[in-house]
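What follows is each chain in one-letter form.
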Amino acid sequence: MSAPVSAPATGAFRLPLRPELEGVAAYGAPQLDLPVLLNVNENPYPPSDAVAADLAAAVSAVAGELNRYPDREFTALREALAAYLGHALGPEHVWAANGSNEVMLHLLQAFGGPGRTAISFAPTYSMYPEYARDTHTGWVVGHRETDFAVDVDKAVALVREVEPTVVLVPSPNNPTGTALPLDTVKALCAAAAALPTPGLVVVDEAYAEFRRPGTPTALELLDTTPNLVVSRTMSKAFAFAGVRLGYLAASTEITDALRLVRLPYHLSAVTQAVALTALRHADELLAQVDRLRRERDELVVWLREQGLTVADSDANFVLFGLFEDRHAVWQGLVDRGVLIRETGPEGWLRVSVGTPDETAAFRAALMEVMT
Ligand SMILES: *Cc1c(COP(=O)(O)O)cnc(C)c1O
């Protein structure tokens, strides 16, 4: 007979929750079970059967060793990521973690903290203030212009005023799709480097592979800019969101510092094995990127033809509006089986670029909702 079980008690006991977490809702895009999911900027094309079989073989190969802790330094993976990035980077310049979300958290754990501040420019990625909160780092946001560009002079002035130890800027930006000119990155890096406590500039290039021809990557500046960090992820273009693998490139001093704050063995043997396998298939996994970029450009044109305002996008999503009641439009699409994201400034909505069928379903549903 088994012992009687009872659920943990609730009731009069008041949890000693950190005061800044009182009344806060957990982050997360609504995960609704709808036929067309265009809400979290995933790549809609799953791995082919051949790649899936190789991934399964890689997991199978490490399965017999899972009694052991993984390679704490994930050396083979760092080598493969460095080779993928190019730009003469070596494994010592690369750091990785469970999604670029964890990479960012490591950066703030090492370079933020009590009495320090991180900044960004709104509208921008909604997770940044949470990393700041969770690391007791102060959080200040400047603002983007009406076309969502970062004004260099205002941005530099904010850096001088706030003296942040970390500047977080996505390029292309989420949710607007706006890429940063390299001159802006250079100016931010110079301003942050000149502070009494010099700061780092983190260019979050989660969507870099989707940028339009002629849009540069901040990787080009790494060899001349010691306080620059460029972060990337396998979640978007690589079609590998389920694996949770983000990474960054920076100086050896920076990657060495991150080793101080990571949890021991933070990247599981399974994660390392599948990420390595995916990198061997990079060409195939990235094969749909061109198609998604074309679809994106067509979607921008189509939305404008409908009389909507659309932000130029270098990413695999498009921010469009302006709606007096954006929630009603979002709900109307949900009612028609299409999930997009209610995010960005008031009046705007964001849609990820899906397969041609998914995009067609979105267009048809939006036409209905708008009439
Ligand atoms: C999606 C996204 C990421 C990626 O997060 P992962 O943790 O790597 O899945 C990072 N930054 C921005 C701006 C994003 O939109």
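Chains are numbered independently. Their residues run from 1 in the order of the written sequence. Totals for whole chains, interfaces and linings use every residue, but because this is a predicted model, local features are given only for residues with pLDDT of at least 70 and side-chain atom pairs only at 80 or more, for both listing and counting. Think of the side-chain values as coming from all heavy atoms in the structure, minus any hydrogens and water.

**Here we look at the overall build of the protein**
Now for step 1: Along the backbone of the protein there are twelve helices and twelve strands.
Now for step 2: Throughout, the radius of gyration refers to the C-alpha atoms, and the reference size of a globule is 2.2 Å times the residue count to the power 0.38. Relative to a compact globule of 371 residues, whose C-alpha radius of gyration would be 21 Å, the protein shows 22 Å and is just as compact.
Now for step 3: Considered along the principal axes of its C-alpha atoms, the protein spans approximately 65 × 60 × 55 Å.
Now for step 4: Accessible areas in this description were obtained via Shrake-Rupley with a 1.4 Å probe; residue shielding takes into account the shown protein chains only. On the protein, roughly 17300 Å² of surface is accessible, and the fraction owed to carbon and sulfur atoms is 54%.
Now for step 5: Under this rule, positive means Lys or Arg and negative means Asp or Glu; His and the chain ends count for nothing. By convention, charge coordinates are those of NZ in Lys, CZ in Arg, CG in Asp, or CD in Glu. With 29 positive and 45 negative side-chain charges, the protein shows a spacing of 3 Å between the two charge centroids. Where helices and strands are cited, they refer to DSSP runs of H or I of at least four residues and of E of at least two residues respectively, numbered from the N terminus.

**Considerations on the domain arrangement of the protein**
Now for step 1: Delimitation of the domains relies on an automatic or database domain assignment. For the protein, the assigned domains are domain 1 (31-47 + 286-370) and domain 2 (49-280).
Now for step 2: Computed from C-alpha coordinates alone, the two centres of domain 1 and domain 2 are separated by 26 Å.
Now for step 3: On the side of domain 2, 25 residues touch domain 1, which itself brings 24 residues to the contact.
Now for step 4: Buried area is a sum: the accessible area each of two parts loses on coming together, probed at 1.4 Å, counted once for each and added. Buried area between domain 1 and domain 2, both sides added, is near 2000 Å², and the carbon and sulfur share of it is 60%.
Now for step 5: The largest contributions to the domain 1 side of the interface with domain 2 come from Pro-47, Leu-286 and Asp-314, which together make up 33% of the buried area.
Now for step 6: We define a salt bridge as a side-chain nitrogen of Lys or Arg found within 4 Å of a carboxyl oxygen belonging to Asp or Glu. Linking domain 1 with domain 2 are one salt bridge.
Now for step 7: For Arg-212, the salt bridge is made with Asp-314, and the minimal N-O distance between the two is 3.2 Å.
Now for step 8: Each polar contact in these results corresponds to two N or O atoms within 3.5 Å; when the atoms are within protein, one needs to be able to donate a hydrogen and the other to accept it, and residues that are neighboring in sequence are counted only if both atoms are side-chain atoms. Our enumeration of links across domain 1 and domain 2 arrives at nine residue pairs in polar contact (both at pLDDT 80 or more).
Now for step 9: When contributions to the side of domain 1 that touches domain 2 are tallied by element, the ones reaching two or more residues are helix H10 (289-305) and strand S10 (317-321). Should any heavy atoms of two residues lie within 4.5 Å, those residues are considered in contact.

**Focus on the nonpolar core**
Now for step 1: Residues belong to a common nonpolar core when they are buried Ala, Val, Leu, Ile, Met, Phe, Trp, Tyr or Cys residues joined through side-chain atoms within 4.5 Å. When a residue's accessible area, from a 1.4 Å probe over protein chains only, is under 20% of the maximum for its type it is buried; when over 50% it is exposed; and in between it is partly exposed. Ranked by size, the top nonpolar core spans 83 residues in total, and within it Leu-107, Phe-121, Leu-228, Met-234 and Leu-245 carry the most contacts.
Now for step 2: Of all the elements, helix H6 (residues 182-193) adds the most residues to this core, at six residues.
Now for step 3: Both domains that meet at this core, namely domain 1 (31-47 + 286-370) and domain 2 (49-280), each give it at least three residues.
Now for step 4: Filtering out sequence-adjacent residues up to four positions away, Leu-228 remains in contact with Val-185, Cys-189, Val-201, Val-203, Ala-218, Leu-221, Leu-222, Ala-249, Ala-250 and Ile-254.

**Things to note about unusual backbone geometry**
Now for step 1: Cis geometry is adopted by the peptide bond preceding Pro-172, which originates at Ser-171 and carries an omega value of -5°.
Now for step 2: When you line up the elements, Pro-172 lands in the loop between strand S5 (166-170) and H6.
Now for step 3: Cis geometry is adopted by the peptide bond preceding Leu-322, which originates at Gly-321 and carries an omega value of -10°.
Now for step 4: Structurally, the position occupied by Leu-322 is in the loop between S10 and helix H11 (326-335).
Now for step 5: Phi angles above zero are rare outside glycine, and Phe-148 is one such case at about 70°.
Now for step 6: Tracing the chain through its elements places Phe-148 in the loop between strand S4 (138-143) and helix H5 (152-162).
Now for step 7: The residue Arg-244 is not glycine, and still its phi comes out positive at about 70°.
Now for step 8: Looking at the element boundaries, Arg-244 is found in the loop between strand S7 (228-233) and strand S8 (246-249).

**A short note on the site of the ligand**
Now for step 1: Taken together, Gly-99, Ser-100, Asn-101, Tyr-125, Asn-174, Asp-204, Ala-206, Tyr-207, Thr-233, Ser-235, Lys-236 and Arg-244 form the complete shell of residues around the ligand.
Now for step 2: In this structure, Asn-101 approaches the ligand through a side-chain N or O atom, which is 2.7 Å from an oxygen atom.
Now for step 3: Taking 390 Å² as the accessible area of the ligand by itself, protein coverage stands at 94%.
Now for step 4: With three residues, helix H3 (residues 99-111) is the single largest residue contributor to the shell around the ligand.
Now for step 5: Polar here means any residue outside two lists: the nonpolar Ala, Val, Leu, Ile, Met, Phe, Trp, Tyr, Cys and Pro, and the charged Asp, Glu, Lys and Arg; Gly therefore counts as polar. Looking at the shell around the ligand residue by residue, the class counts come to three nonpolar, six polar and three charged. By convention in these notes, a residue is near a molecule or strand provided one of its non-hydrogen atoms lies within 4 Å of it.

**Concerning the side chain of Thr-217**
Now for step 1: Inspection of the secondary structure puts Thr-217 in the loop between strand S6 (200-204) and S7.
Now for step 2: Look at Thr-217 and you get buried, because its relative accessible area is 5%.
Now for step 3: At 2.8 Å, the side chain of Thr-217 forms a polar contact with the side chain of Glu-205.
Now for step 4: Polar contacts involving the side chain of Thr-217 include one to the main-chain amide nitrogen of Leu-219, which spans 3.0 Å.

**Some remarks on the sheet that holds S6**
Now for step 1: Ordered in space as S2-S8-S7-S6-S5-S3-S4, the seven strands form an open sheet in which the pairing is mixed. What marks the edges here is a single partner per strand, and that holds for strand S2 (94-97) and S4. Neighbour-to-neighbour, the strand axes of this sheet turn through a mean angle of 25°, independent of strand direction.
Now for step 2: The pairing of S7 with S8 spans four bridges and is classified as antiparallel. Looking at the pairing, Arg-232 lines up with Tyr-247 of S8.
Now for step 3: Between N-to-C directions, angles span 0 to 180 degrees; the directions come from axes that are lines fitted to C-alpha atoms, helices contributing only their stretch in contact. The strands that H5 touches are strand S3 (117-122), S4 and S5; relative to S3, the one it contacts most, it runs at about 160°.
Now for step 4: In this fold H6 packs onto S3, S5, S6 and S7, with an angle of close to 155° to the strand it touches most, S6. Two strands qualify as a pair provided DSSP detects at least 2 bridges between them.

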